[in-house]
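What follows is the residue order along each chain.
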Amino acid sequence: MGYTPEGIGYQSRDTSLEAASYDKGGKMSLREKAYKVIAQSLIPMSADQVADELQKSFISVRPRITELVNEGRIRDSGDRGKSRWGKTCILWESVN
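Note that the coordinates shown come from a computational prediction; the quantities given were computed from them, not determined experimentally. (Residues numbered from 1 in each chain as written. Predicted model: local features only at pLDDT ≥ 70, side-chain atom pairs only at ≥ 80, totals over all residues. Heavy atoms only, no water.)

A. Focus on the overall build of the chain. Scanning the chain from terminus to terminus reveals four helices and four strands. A total of 96 residues make up the chain; the buried ones form 36% of that total. Sequence separation of at least 24 residues holds for 40% of the intrachain contacts in the chain that already meet a minimum separation of 6. In the form shown here, the chain has an accessible surface area of approximately 6000 Å², with 51% of it arising from carbon and sulfur atoms. (Helix = DSSP H or I, 4+ residues; strand = E, 2+ residues; numbered from the N terminus. Buried < 20%, exposed > 50% of the residue type's maximum accessible area, 1.4 Å probe, protein only. Contact = heavy atoms within 4.5 Å. Areas by Shrake-Rupley, 256 points an atom, 1.4 Å probe, with all protein chains shown as cover.)

Okay, here's the thing in structure tokens:
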């Protein structure tokens with residue numbers, strides 16, 4: 001996976017890089033909103049729960065979660081939950 005200078009992740013496809021480069025401010029803002037939700041939560045949260053809290057698509061939030069992990073701002077709590085598809089998923093917590 002590649003990253004733009006702003007830390008926005010993209011796959012090794014031209015369309016992914018184009019999407020990562022579009023509306024960088026919006027993605028960075030969503031990353032900060034996702035971090036705030038996790039940091040203020042009393043319990044670890046899944047990416048889907050963060051998306052629901054923000055009333056955003058999980059497709060937009062999940063990459064922001066990965067970016068927060070890569071920045072060292074959130075971590076795997078060690079707890080697991082269920083995704084909206086019934087699959088086991090990581091519950092995230094703030095590092096600080």
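B. Broad picture of the packing of aromatic side chains. By the definition in use, this model includes one aromatic pair. Directly above the aromatic system of tyrosine 35 lies the positively charged group of arginine 73, at a separation of 4.2 Å from the ring centroid. (Phe/Tyr/Trp six-rings, centres within 6.5 Å; stacked < 30°, edge-to-face > 60°. Lys NZ or Arg CZ within 6 Å of the ring centre and 35° of its normal.)

C. Just the packing of helix α3 (residues 47-54) against helix α4 (residues 58-70), in detail. The N-to-C vectors of α3 and α4 enclose an angle of 125°; their axes lie 9 Å apart at closest approach. Between α3 and α4, the angle is such that the two are oblique. Helix-helix and strand crossings are classified by hand; for α3 and α4 the assignment is right-handed. For the pair α3 and α4, contact is made by Ala47, Asp48, Val50 and Ala51 and by Phe58, Val61, Arg62 and Ile65, respectively. (Axes fitted to C-alpha atoms, helices over the stretch in contact; angles between N-to-C directions. Parallel < 35°, antiparallel > 145°, perpendicular 65-115°, else oblique. Left-handed = near helix turned anticlockwise from the far one by under 90°.)

D. Up close: the environment of glycine 72. Inspection of the secondary structure assignment puts glycine 72 in the loop between α4 and β3 (74-82). Residue glycine 72 is classed as partly exposed on the basis of its relative accessible area of 41%. Sequence separation of glycine 72 and serine 94 is 22 residues, and the distance between their C-alpha atoms is 9.0 Å.

E. Fine view of the confidence of the model for the chain. Residue-level pLDDT values for the chain average 87, and 86% of them are 70 or greater. Element-level mean pLDDT values for the chain span from 70 in helix α1 (residues 14-21) up to 98 in strand β4 (residues 88-94). (pLDDT = per-residue confidence, 0-100.)

F. Looking closely at the environment of isoleucine 43. The topology assignment puts isoleucine 43 in the loop between α2 (24-40) and α3. Look at isoleucine 43 and you get exposed, because its relative accessible area is 59%. With 34 residues separating them in the primary sequence, isoleucine 43 and serine 77 have C-alpha atoms 9.4 Å apart.

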